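So the chains spell out like this:
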There are 2 protein chains.
Amino acid sequence: MEAMYKQIKQSIKSKILEGLMQPHEKISSESELMSQFDVSRHTVRVAIGELVNEGWLYREQGAGTFCADRTKNDSYSSRLPQKNIAIVTTYISAYIFPSIIRGAEAYLSEQGYHVSIFNTNNKHEQEKKIINLLLEGNYDGVIIEPSHSASATPNLRYYLNLEKAQIPYVMINAIYDELEPIYFMMDDELGGYLQTKHLLDLGHQNIACMYKTDDAQGQKRLKGYIKAYRESNVPLHPKNIITYSTENNIAKPKQELKRLLTAKMDRPTALVCYNDQLVLQLMDEVRELGIRIPDELSLVGYDDSMFAEVSEIKLTSITHPKSKLGLDAAKAIIQMIRPNEANHQSMESLSKLYEPELVVRQSTAAFRGVADI
Amino acid sequence: MEAMYKQIKQSIKSKILEGLMQPHEKISSESELMSQFDVSRHTVRVAIGELVNEGWLYREQGAGTFCADRTKNDSYSSRLPQKNIAIVTTYISAYIFPSIIRGAEAYLSEQGYHVSIFNTNNKHEQEKKIINLLLEGNYDGVIIEPSHSASATPNLRYYLNLEKAQIPYVMINAIYDELEPIYFMMDDELGGYLQTKHLLDLGHQNIACMYKTDDAQGQKRLKGYIKAYRESNVPLHPKNIITYSTENNIAKPKQELKRLLTAKMDRPTALVCYNDQLVLQLMDEVRELGIRIPDELSLVGYDDSMFAEVSEIKLTSITHPKSKLGLDAAKAIIQMIRPNEANHQSMESLSKLYEPELVVRQSTAAFRGVADI
DNA sequence: TCCGATTTGTTCGTATGTATG
DNA sequence: GCATACATACGAACAAATCGG
C-alpha cells in the first residue's frame, strides 16, 4: 500500500464504505484530488480508474465522477454483462418494421449490444410466450410493439413481471394505456386528421376512409378523420367509414371499395387509407373500374414509405419517423439500462410523440365540382 | 474506434481471436508495441490495461504481458447456455431480407431459440467485428450472408475460428468458395439466363443489362446473361453491359440508362435488371423520356418481390424463395446443432440450390420489328 | 550470487479534444 | 459562449521484478 494511487484508492473506497458517499453522489473532481493528495493528475486517474473497474465509481465526461449504486446486481453478475436487447414487433418483414429495426440495431450494435428479434404476428398469445422467454432469458432491455393494441392486453401480469425483474422496456408505435410505459410513437390522431383535412381543403366532401382498427394506430387515425370532419362542418356519412382487421386484411377493403365506387349515388371522391401499402393494393381495383387517379378519386396514404414513391402516381402520404423512431427507442433503452450516465429525473420525459406531416404528391387533386353543386 | 488505444486494443484482441496467440504466450513488449504503432508508452499501457481488465491478458512485472487462458473461464462464455442463433445479413431493412429473416425467425422461435440479428452493410470490416462478437458471445449457430461476396474474404481466419469453436454456420444468398460451406442460395446464373432468354425468345436482340457486381449474385446473373446471348448467336454489344456497386448504388444505373436510351442508334429495346427494386427506380426515368413500357422497352426484374406487383405495369421477374430460404437455412442449422435426430451422413447434402423460374407479367412484350429487319 | 538488459510499475509534467451544464 | 471535468495523447524519469549469462 505504499503506492500513492493505492492510498488514494483506499481513501475514496473508505468514504464509500463508511457511508459518507451516497450512490450517484459526485466525488471530488480530479483536480481537487490532485491538490488534496498533492499528486499529479495521472496518479489520481489511475486510482479512480481502478475503482471504476471494480465497480465502485463511474465517470461521466464533462460532468464528474460519481459513486456507483452497489445496492443491487452485486459485483459479479453485472461485471460480466451479456448485453442483450430484445426487439419485439408484430411483424418482422412487412413494410416499415425493417426500417425501425434497422435504426435500433445500428445504434445497439455500436454500443456493443446483441439484438434479438421476436415476432408476435399481432397476437396476444404469441406475445405472452415471448415475454416469458424474455423473463427466462438474459435480457437487459426490451423494445416492444404492443400486439393487438386496440384491445386491453391480457398479458398485463407479464409486463408487470418484466418490471419486477427490473428489465426496462419501451413501447413503440402504440402503447397499452394501463402500463404508462416510456413510448415512441406517432401522433396518429393528428395523422388521420391531416389526411382528411388535406382532402377537405381541396374541396372534397365525400371522403371515405379505411382503417385497420385492431391496433391503436388505426383507431386513432380514425378518430382524427372524424375530428377533421366535425371541424369542417361537412356532413359525414357513416357508410364512408370502413374498418378491417388483421385477419381479413386485404379481402374486406377491396370488396368494400368496390361497393363504394360502384354505388349509384354519393360515390366518394376521395379515400384516406390506413397506410401506403393498402393504397397500392387498392389502386389496382380502382384502375380496373376505369376510375382515374387523382382526377376522379384522390387517395391519401400513410407512412411515407417506399411504396409512396414507387408507383406511377406518387402517393400523397403522412410522414413516419421509421428508422429515427428505432434509433430513439434504442437510445432510450440504453439510458434506462445505464442510468449512471443519465439524469434520472428525466426518465419519464424520454418518451416521444412524433408529429406527423403531410407530404403532397400526385395522388390527390382538388375536387372538381360535379352533379349536385 | 478512432482513439489510438482502442485500435491497438482491437488489434491485439483480433490476434487472440484469430488463434494466432495461445494462452500464456507472451505478447509484444510495451516498447515493441510503441514502435509498431508509433505511439507513446502511455497509450500502449492504456490499451493493454483495458484488455487486462476484460480478462484477455495478464501482466507480470519484469517478465512481460501474456495471453490469458479463456478456455475454462467460468462465468464468462459458459454462463447460460441459452439457445442462441445469429442471423447476419448485409442489410436488415431493404427489400427481401426481411422475408428471409422472418422465415428463419418463425421456425427458430418455435424451436425455442433466440434469434439475434446483425448487419454488415456489405462491408468486410463490419463482418469481421460481428464474427468477433459471435466468437465472444454464446451462439449455437450462425446463418450468414457473405458480405461483398464477389471478392475473396479477408476474414477467412475468423470463419475458421468459428469452426474451431464448433459453432456451425450456413451461408445464404452467396458463398465464399474457399470455405465450402453449407449453403442456401439461388442458381443465379440460371436466373440471369432466364431473364435474358425470355427477351431473346420474344425477338429482342438489343438487350441491355444492369447488374450490381460487388456481390456474387450479380456476377453470376451477368454470366447467365452472357450465356443466353452466346447460345442464341445474337451478337452482344459490350456497351449494353452496365455494372455498378453498392457505393454508387442508384446514381450510376440511372445515368447509364439515360445515356443508353437517348443514344441515336442501337437503342436497346429491352433491359434486364439486377432486381425488382432497380427496375422500379429506373421506371421513372423511362417515363420521363416518354418511352412506353413494354411497347418500346421491355423490362425484366429479379426476385419476384412485392415491388413486382405494386406498380401499374406489373413486372416480369424471376422467383426467389425468400422466406422459404430462411426457413430451410434455419432447419439446417438446427440439424447441425443437434445431429442426434438427424442422419449425419447427409450433413453435406443439406445445401440447397434453388432453381429460379420466370414469372411473366406486363413489363415485357414481343419485339416489334422496326428499322433493320 | 551478482550484473545488466529487459520489462512492467509508478509518478511527474504538459497539451489538446470533447462533453456537460 | 464559457468554464468545468473527463478523455486521449505525448514525453520523461526512476523503481521494482525477471531472467539469462
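Residues numbered from 1 in each chain as written. Chains lettered and ligands numbered in written order. Predicted model: local features only at pLDDT ≥ 70, side-chain atom pairs only at ≥ 80, totals over all residues. Heavy atoms only, no water.

**Student:** Hey, could you go over the overall build of chain A for me, with residue numbers and the actual values?
**Tutor:** In terms of helices and strands, chain A carries 11 helices and 14 strands. Here chain A has a C-alpha radius of gyration of 27 Å; the compact-globule value for 373 residues is 21 Å, and the former is much larger. Over its C-alpha atoms, taken along the principal directions, chain A stretches across nearly 95 × 40 × 35 Å. Counting every position in chain A, which comprises 373 residues, the buried fraction comes to 51%. The long-range share in chain A, meaning contacts at least 24 apart out of those at least 6 apart in sequence, stands at 73%. (Helix = DSSP H or I, 4+ residues; strand = E, 2+ residues; numbered from the N terminus. Rg over C-alpha atoms; globule rule 2.2 N^0.38 Å. Buried < 20%, exposed > 50% of the residue type's maximum accessible area, 1.4 Å probe, protein only. Contact = heavy atoms within 4.5 Å.)

**Student:** Explain the pairing of strand 5 (residues 141-144) of chain A residue by residue, including any values.
**Tutor:** Residue and element names in this part refer to chain A. The alternating pattern of strand 5 places Gly141 and Ile143 on one face and Val142 and Ile144 on the opposite face, and all of these are buried. Strand direction decides the pairing type here: strand 3 (residues 84-89) and strand 5, joined by 4 bridges, are parallel. Bridge pairing in strand 5 links isoleucine 85 to glycine 141. Sheet topology note: the strand 5/strand 6 (residues 169-172) ladder contains 3 bridges and is parallel. The residue of strand 6 that forms the bridge with isoleucine 144 is methionine 171. Since strand 5 and strand 6 lie parallel, the crossover through helix 6 (residues 156-164) that links them has a hand, and here it is right-handed. (Pairing = 2+ DSSP bridges. Right-handed = clockwise from strand over helix to strand, strands pointing away.)

**Student:** Hey, could you go over the protein's contact with DNA strand D for me, with residue numbers and the actual values?
**Tutor:** Glu30 and Thr65 of chain A together with Met4, Thr43 and Gln61 of chain B are the nearest of the 22 residues found near DNA strand D. Counting only the atoms of DNA strand D within 4 Å of the protein, the fraction contributed by sugar and phosphate is 66%. Between DNA strand D and the protein, one listed contact pairs a phosphate oxygen with a backbone N or O atom of serine 40 of chain B at 3.0 Å. Counting residues per element, the ones that place at least two in the surface near DNA strand D are helix 3 (41-53), strand 1 (57-60) and strand 2 (64-67) of chain A together with helix 1 (4-17) and helix 3 (41-53) of chain B. At 3 residues, helix 3 of chain B tops the list of elements feeding residues into the surface near DNA strand D. Its residues assigned to classes, the surface near DNA strand D shows 6 nonpolar, 10 polar and 6 charged. (Near = heavy atom within 4 Å. Polar contact = N/O pair within 3.5 Å; in protein donor to acceptor, adjacent residues only side chain to side chain. Nonpolar A, V, L, I, M, F, W, Y, C, P; charged D, E, K, R; others polar.)

**Student:** Hey, could you go over the sheet that holds strand 9 (residues 241-244) of chain B for me, with residue numbers and the actual values?
**Tutor:** Residue and element names in this part refer to chain B. Overall, parallel pairing links the 4 strands, which are arranged 9-8-10-11 in an open sheet. The open sheet terminates on both sides in strands that have one partner only, identified here as strand 9 and strand 11 (298-300). Between one strand axis and the next, the sheet turns by 15 degrees as a mean value, whatever way the strands run. Bridging between strand 8 (residues 207-212) and strand 9 involves 4 bridges; their strand directions are parallel. The residue bridging tyrosine 211 from the neighbouring strand is threonine 243, located in strand 9. Where helix 7 (residues 188-201) meets the sheet, its contacts fall on strand 8, strand 10 (270-273) and strand 11, and the angle it forms with strand 10 comes to roughly 170 degrees. Helix 9 (residues 251-261) contacts strand 8, strand 9 and strand 10 of the sheet and is inclined by roughly 165 degrees relative to strand 9. (Axes fitted to C-alpha atoms, helices over the stretch in contact; angles between N-to-C directions.)

**Student:** Any details on the protein's contact with DNA strand C? Residues and values, ideally.
**Tutor:** The local shell around DNA strand C holds 24 residues, among which Met4, Ser40, Thr43 and Gln61 of chain A together with Arg41 of chain B are the closest. Backbone atoms, meaning sugar and phosphate, form 64% of the atoms of DNA strand C found within 4 Å of the protein. Tyrosine 5 of chain A places a polar side-chain atom, nitrogen or oxygen, 2.8 Å from a phosphate oxygen of DNA strand C. A distance of 3.4 Å separates a base oxygen of DNA strand C from a polar atom in the backbone of glycine 62 of chain B. Sorting the residues of the surface near DNA strand C by element identifies helix 1 (4-17) and helix 3 of chain A together with helix 2 (30-37), helix 3, strand 1 (57-60) and strand 2 (64-67) of chain B as the ones contributing at least two each. The residue inventory of the surface near DNA strand C, partitioned by class, reads 5 nonpolar, 11 polar and 8 charged.

**Student:** Describe in detail the domain arrangement of chain A, supporting the description with residues and values.
**Tutor:** Each domain of chain A was delimited in the assignment, giving domain 1 (4-72), domain 2 (84-180 + 322-354) and domain 3 (188-320). Computed from C-alpha coordinates alone, the two centres of domain 1 of chain A and domain 2 of chain A are separated by 34 Å. (Domains from an automatic or database assignment.)

**Student:** Pulling in residues and values, what's your account of the packing of helix 7 (residues 188-201) of chain A against helix 8 (residues 216-232) of chain A?
**Tutor:** Residue and element names in this part refer to chain A. Remark: helix 7 packs on helix 8, axes separated minimally by 6 Å, with the N-to-C direction vectors making an angle of 40 degrees. Of the possible angle classes, the one that applies to helix 7 and helix 8 is oblique. Crossing of helix 7 over helix 8 shows right-handed handedness. On helix 8, the residues that touch Asp188, Glu189, Gly192, Tyr193, Thr196, Lys197 and Leu200 of helix 7 are Gln217, Lys220, Arg221, Lys223, Gly224, Tyr225, Lys227, Ala228, Tyr229, Glu231 and Ser232. Classifying every residue of the contact of helix 7 with helix 8 gives 5 nonpolar, 5 polar and 8 charged. (Parallel < 35°, antiparallel > 145°, perpendicular 65-115°, else oblique. Left-handed = near helix turned anticlockwise from the far one by under 90°.)

**Student:** Could you give an account of the side chain of lysine 9 of chain B, naming the residues involved and the relevant values?
**Tutor:** By the secondary structure assignment, lysine 9 of chain B is in helix 1. Taking relative accessible area as the criterion, lysine 9 of chain B reaches 14% and is therefore assigned buried.

**Student:** Hey, could you go over the interface of chain A and chain B for me, with residue numbers and the actual values?
**Tutor:** On the chain B side, the residues contacting the 33 residues of chain A number 32 residues. The junction of chain A with chain B conceals about 3200 Å² of combined surface from both sides, 55% of it contributed by carbon and sulfur atoms. Counting the contacts that link chain A with chain B gives 4 salt bridges. Where chain A packs against chain B, one counts 10 residue pairs in polar contact (both at pLDDT 80 or more). Contributions of two or more residues to the side of chain A that touches chain B are made by helix 3, helix 4 (97-110), strand 4 (114-119) and helix 10 (276-288) of chain A. Of all the elements, strand 4 of chain A adds the most residues to the side of chain A that touches chain B, at 6 residues. (Buried area = accessible area lost by both parts, 1.4 Å probe. Salt bridge = Lys/Arg side-chain N within 4 Å of Asp/Glu carboxyl O.)

**Student:** Residues and numbers for the side chain of threonine 120 of chain A, please.
**Tutor:** In this structure, threonine 120 of chain A sits in the loop between strand 4 and helix 5 (124-136). With sequence-adjacent residues up to four places away left out, threonine 120 of chain A is seen in contact with Val88, Thr89, Thr90, Gln126, Glu127, Ile130 and Ser147 of chain A.

**Student:** Give a description of the pattern of salt bridges that names residues and reports values.
**Tutor:** Taken as a whole and judged by the stated rule, the model has 39 salt bridges over all chains. Between aspartate 215 of chain A and lysine 212 of chain A there is a salt bridge, with the nearest N and O atoms lying 3.5 Å from each other. Classification of aspartate 215 of chain A as buried rests on a relative accessible area of 7%. With a relative accessible area of 9%, lysine 212 of chain A lands in the buried category. Lysine 352 of chain B serves as the salt-bridge partner of aspartate 328 of chain B, at 3.3 Å between the closest nitrogen and oxygen. On the criterion of sequence distance, the pair formed by aspartate 328 of chain B in helix 11 (residues 323-337) and lysine 352 of chain B in strand 13 (residues 352-354) is long-range, its members being 24 residues apart. Exposure remark for aspartate 328 of chain B: the relative accessible area of 8% places this residue in the buried category. Put simply, Glu30, Arg41, Arg45 and Arg59 of chain A are held in one network by salt bridges that share partners.

**Student:** I'd like to hear about the sheet that holds strand 8 (residues 207-212) of chain A, residue by residue, with values.
**Tutor:** Residue and element names in this part refer to chain A. One open sheet holds the 4 strands; their spatial order is 9-8-10-11, and the pairing between them is parallel. In this open sheet, the two strands that pair with only one neighbour each are strand 9 (241-244) and strand 11 (298-300). Averaged over all pairs of adjacent strands, the angle between strand axes in this sheet comes to 15 degrees, irrespective of strand direction. Looking at chain direction, strand 8 and strand 10 (residues 270-273) are connected through 4 bridges and run parallel. From the neighbouring strand, alanine 208 faces strand 10, where its bridge partner is leucine 271. Strands in contact with helix 8 are strand 8, strand 9 and strand 10; relative to strand 8, the strand with the most contacts, it is inclined by about 160 degrees.

**Student:** Account for the packing of helix 2 (residues 30-37) of chain A against helix 3 of chain A, with residues named and values stated.
**Tutor:** Two quantities define a packed helix pair, namely the angle between the helix axes and the distance between the axes. Residues and elements named next belong to chain A. At a closest axis distance of 9 Å, the pairing of helix 2 and helix 3 adopts a crossing angle of 110 degrees. Overall, the two elements helix 2 and helix 3 adopt an arrangement that is roughly perpendicular. Two secondary-structure elements touch here, helix 2 through Glu30, Leu33 and Met34 and helix 3 through Arg41, Val44, Arg45 and Ile48. A class-by-class count of the residues in the contact of helix 2 with helix 3 yields 4 nonpolar, no polar and 3 charged.

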